[in-house]
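The chain contents come next:
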Amino acid sequence: MALITWNDKLSVQIRQCDDEHKRLIEMVNQLHDAMKEGKGKQVIGDVLNGLISYTKNHFAAEEQLLKSHGYPDYEKHKKEHNQLTLTVLDLQKGYEAGSAPLSQSVMNFLKDWLTNHIQGVDKVYGPYLNGKGVK
Ligand SMILES: [Fe+2]
Ligand SMILES: [Fe+2]
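The rules behind each value
Residues numbered from 1 in each chain as written. Chains lettered and ligands numbered in written order. Predicted model: local features only at pLDDT ≥ 70, side-chain atom pairs only at ≥ 80, totals over all residues. Heavy atoms only, no water. Donors = N, O, S within 2.8 Å, 3.2 Å for Na, K, Ca; no water. Tetrahedral: all angles 85-135°; square planar, octahedral: opposite > 155°, others 65-115°. Helix = DSSP H or I, 4+ residues; strand = E, 2+ residues; numbered from the N terminus. Buried < 20%, exposed > 50% of the residue type's maximum accessible area, 1.4 Å probe, protein only. Core = buried A, V, L, I, M, F, W, Y, C linked by side-chain atoms within 4.5 Å. Contact = heavy atoms within 4.5 Å. Axes fitted to C-alpha atoms, helices over the stretch in contact; angles between N-to-C directions. Parallel < 35°, antiparallel > 145°, perpendicular 65-115°, else oblique. Left-handed = near helix turned anticlockwise from the far one by under 90°. Phe/Tyr/Trp six-rings, centres within 6.5 Å; stacked < 30°, edge-to-face > 60°. Salt bridge = Lys/Arg side-chain N within 4 Å of Asp/Glu carboxyl O. Expected span 1.5 Å × (residues − 1).

Around the iron ion (ligand 2), the donor atoms from the protein are His21 (NE2), His58 (NE2), Glu62 (OE) and Asp122 (OD), and they sit 2.1 to 2.2 Å away. One way to put it: the 4 donor atoms around the iron ion (ligand 2) meet at angles of 83 to 170°, and that makes the site irregular. Here the donor residues of the iron ion (ligand 2) share one chain and are spaced in sequence as H-x36-H-x3-E-x59-D. In this structure the iron ion (ligand 1) is found 3.5 Å away from the iron ion (ligand 2), and Glu62 serves as a bridging donor for the pair. Remark: Asp122 occurs in helix H4 (residues 104–131) and His58 occurs in helix H2 (residues 41–68); sequence separation between them is 64 residues. Each member of the pair, His58 as well as Asp122, is classed as buried.

Below, the structure written as C-alpha cells:
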C-alpha cells in the first residue's frame, strides 16, 4: 500500500507544481516500498539519492517561479526549502554511514515533511500566482 496518496487537498492550483509534487510523492512511496520489501542498501541508497536530487530540482524550480513573480514571502519560503534539504541530507549521511537504518519513523518523517510543506507554505502561493496569470 502506498504511504501517501495524492488528493485534492494537496493541490496548489499550479499545474507544474502539482505535477512535480505528484512525482515527489511517487518517489517517497517508492522508497517506502523498497524499505518494506527489504531491498539492499545499494537499491535503497539509489532511490534515496533520486528523491533528494528531484527534491533539489523541484525546490529550485519553485523558487525561480516565485522569484520571477515577485512573491513577497520568497525569502522565507527559500529558507524553509534550505532547512528541509539540510535535514534530508543529514538523514542520508546517517543512512550511508550505517548508523541510521531507514525505519518506518524515517518514512513517516518524510511523509509529514512533504505533506506539511505542500499543504502549509506551498498552498499559500497558489492564489498569488493565479493572480499573476500562472495556472
Ligand atoms: Fe515549497
Ligand atoms: Fe513544492
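If you look at the biggest cluster of nonpolar residues, it comprises 37 residues, and the most contacted ones within it are Ile14, Val28, Leu31, Leu102, Leu110, Leu114 and Tyr125. Apart from the residues lying within four places of it in its own chain, the contact partners of Tyr125 are Val12, Ile14, Cys17, His21, Glu62, Leu66, Tyr71 and His77.

Take the coordination of the iron ion (ligand 1) next. Of the protein atoms, only Glu62 (OE), His77 (NE2), His81 (NE2), His117 (NE2) and Asp122 (OD) coordinate the iron ion (ligand 1), at distances of 2.0 to 2.2 Å. All donors of the iron ion (ligand 1) come from a single chain, and their spacing in sequence reads E-x14-H-x3-H-x35-H-x4-D.

Let's shift gears to the packing of H2 against H4. Relative to each other, H2 and H4 sit at 20°, their axes nearing to 12 Å. The pairing of H2 with H4 is recorded here as roughly parallel in orientation. With respect to the hand of their crossing, H2 and H4 are arranged in left-handed fashion. Counted together, Leu51, Thr55, His58, Phe59, Glu62, Leu65 and Leu66 of H2 and Leu110, Trp113, His117, Asp122, Tyr125 and Leu129 of H4 form the full contact between these two elements.

Applying the stated criterion to the full structure yields 3 aromatic pairs. With a centroid separation of 6.5 Å and 85° between ring planes, the pair formed by Tyr71 and Tyr125 is classed as edge-to-face. Here Tyr125 lies in helix H4 and Tyr71 lies in the loop between H2 and helix H3 (74–97), a separation of 54 residues in the sequence. An identical accessibility class is assigned to Tyr71 and Tyr125; each is buried. Each member of the aromatic cluster is reached from another via a ring pair, and the members are Tyr71, Tyr125 and Tyr128.

Now for the pattern of salt bridges. Opposite charge on two side chains allows them to pair when their charged atoms are near. Inspection of the entire model under this criterion finds 3 salt bridges. Among the ionic pairs, Arg23 bridges to Glu26, the shortest N-O distance being 2.6 Å. Residue Arg23 and its partner Glu26 are located together in helix H1 (residues 15–36), separated by 3 residues, close to a single helical turn. The class for Arg23 is partly exposed, based on a relative accessible area of 29%. Measuring nitrogen to oxygen at the nearest pair gives 3.4 Å for the salt bridge that ties Lys78 to Glu63. Of this pair, Lys78 sits in helix H3 while Glu63 sits in helix H2, placing them 15 residues apart in sequence. With a relative accessible area of 27%, Lys78 lands in the partly exposed category. With a relative accessible area of 10%, Glu63 lands in the buried category.

A rise of 1.5 Å per residue sets the reference length of H1, with its 22 residues, at 32 Å; its end C-alpha atoms lie 31 Å apart and thus fit the reference within 8%. Trailing H1 by a residue or two, Gly38 shows a phi angle of about 65°, which is positive.

What is shown is where atoms sit, not what they do.
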